[in-house]
Amino acid sequence: MKIPRAQADAIAAHARSGYPHEICGVLVGTARDGVVRVARAVPVTNRETERPAVRYQIAPEDLIRIQREAREQGREILGYYHSHPDHPARPSETDRRIAAEGLSDGVIHVVVGVERGEKATPTAWVFRDAAAAFEEEPFEVA
């Protein structure tokens, strides 16, 4: 996965600003010839109300709006990002279970570990339906 420096920095800043709660957003760009290029990381409000420190929820109306905007620009939704406050920058069992319940094959998930609201470490993962698991994806900042 390739992402511009400004977008990677925006994701990290979003993750730090939301601490101690999880933040979330949508990755928009193109996927051609096996290369995933993120053009925009679109922040959205975490709609989780019961446990926002350990869960996130993206509202359907946010996804519809972002999908419409992406299509108008000749792009698509590539995946999602969210933070793990004071937890490792890797998908949790809850992340895996939710991905396995949906249409997630090939979807990119960026997970940002945030330590005490200061250090933000992003990693990229792709979900594979056949294995019902995440595989780490190179996170290349351009």
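Residues numbered from 1 in each chain as written. Predicted model: local features only at pLDDT ≥ 70, side-chain atom pairs only at ≥ 80, totals over all residues. Heavy atoms only, no water.

S.K.: I'm lost on the pattern of salt bridges in this one. Help?
M.R.: Pairing between side chains becomes possible if they bear opposite charge and their charged atoms approach one another. Here the structure, examined in full by the defined rule, presents 8 salt bridges. In this structure, the salt-bridge partner of D62 is R47, at a minimum N-O distance of 3.3 Å. On the criterion of sequence distance, the pair formed by D62 in helix α2 (residues 60–72) and R47 in the loop between β3 (35–44) and α2 is long-range, its members being 15 residues apart. Owing to a relative accessible area of 8%, D62 belongs among the buried residues under this scheme. Using a relative accessible area of 37% as the deciding quantity, one classes R47 as partly exposed. Of the charged contacts in the structure, one is a salt bridge between D62 and R65, with a shortest N-O distance of 3.6 Å. Taken together, the positions of D62 and R65, both in helix α2 and 3 residues apart, correspond to about one turn of that helix. (Salt bridge = Lys/Arg side-chain N within 4 Å of Asp/Glu carboxyl O. Helix = DSSP H or I, 4+ residues; strand = E, 2+ residues; numbered from the N terminus. Buried < 20%, exposed > 50% of the residue type's maximum accessible area, 1.4 Å probe, protein only.)

S.K.: Sorry if this is basic, but what is going on with α2 here?
M.R.: Note: α-helices contain 3.6 residues per turn, so residues at a spacing of three or four share the same orientation. The end-to-end C-alpha distance of α2 is 19 Å, a good match for the 18 Å that 13 residues give at a rise of 1.5 Å each. Packed against the buried residues of α2 are β2 (24–32), β3 and β4 (76–85). Within two residues after α2, G74 carries a phi angle of roughly 75°, on the positive side. (Expected span 1.5 Å × (residues − 1). Contact = heavy atoms within 4.5 Å.)

S.K.: When you look at the nonpolar core in this model, what are you seeing that I'm missing?
M.R.: In globular proteins that are soluble, nonpolar side chains generally tend to be buried together. Within the largest apolar cluster, 20 residues are counted, with the highest numbers of intra-cluster contacts made by M1, I11, L27, Y81, I108, V110 and V112. Among the elements of the structure, α1 (5–18), β3, β4, β5 (108–115) and β6 (119–128) are those that each provide at least two residues to this core. The residues contacting L27, other than those within four sequence positions of it, are I11, V38, R40, A41, E76, I77, L78, G79, Y80, Y81, I108 and V110. Residues V26, V44, I58 and A70 belong to the second largest nonpolar core, which totals 8 residues. (Core = buried A, V, L, I, M, F, W, Y, C linked by side-chain atoms within 4.5 Å.)

S.K.: Could you clarify how one ought to interpret the pairing of β3 in this entry?
M.R.: Across a regular strand the side chains alternate sides, sitting on one face of the sheet and then on the other. Relative to β3, β2 runs antiparallel, the two being bridged by 9 bridges. Looking across to β3, one finds that G29 is bridged to V38. The turn joining β2 and β3, which pair antiparallel and follow one another in sequence, is formed by 2 residues; a positive phi near 50° is taken by D33. (Pairing = 2+ DSSP bridges.)

S.K.: Looking at this structure, how should I read helix α3 (residues 93–101)?
M.R.: Restricting attention to buried positions, one finds in α3 the residues T94, D95 and A99. End-on view of α3: buried residues confined to an arc of 130°, all on one side of the axis. Opposite its buried face, α3 presents the exposed residues E93 and E101, each directed more than 90 degrees away. Contacts made by the buried residues of α3 are with β4, β6 and β7 (133–137). (Arc of directions from axis to C-beta.)

S.K.: Explain unusual backbone geometry here, please?
M.R.: Excluding glycine, a negative phi dihedral is what most residues carry, and trans is how most peptide bonds are arranged. With an omega of 15°, the peptide bond between Y19 and P20 qualifies as cis. As for its placement among the helices and strands, P20 is situated in the loop between α1 and β2. Backbone geometry places D33, a non-glycine residue, at a positive phi of 50°. Mapped onto the fold, D33 is located in the loop between β2 and β3. With a phi close to 55°, D86 is a non-glycine residue in the positive phi region. With respect to the element layout, D86 can be found in the loop between β4 and α3.

S.K.: Help me understand the packing of aromatic side chains, please; the structure alone is not making it clear to me.
M.R.: Working definition: an aromatic ring pair is given by the centre-to-centre distance plus the angle between the planes. Tallied over the full model, the rule gives 1 aromatic pair. A centroid spacing of 5.1 Å and a plane angle of 75° characterise the contact between F127 and F134, whose relative ring orientation is edge-to-face. Both residues of the pair, F127 and F134, belong to the buried class. (Phe/Tyr/Trp six-rings, centres within 6.5 Å; stacked < 30°, edge-to-face > 60°.)

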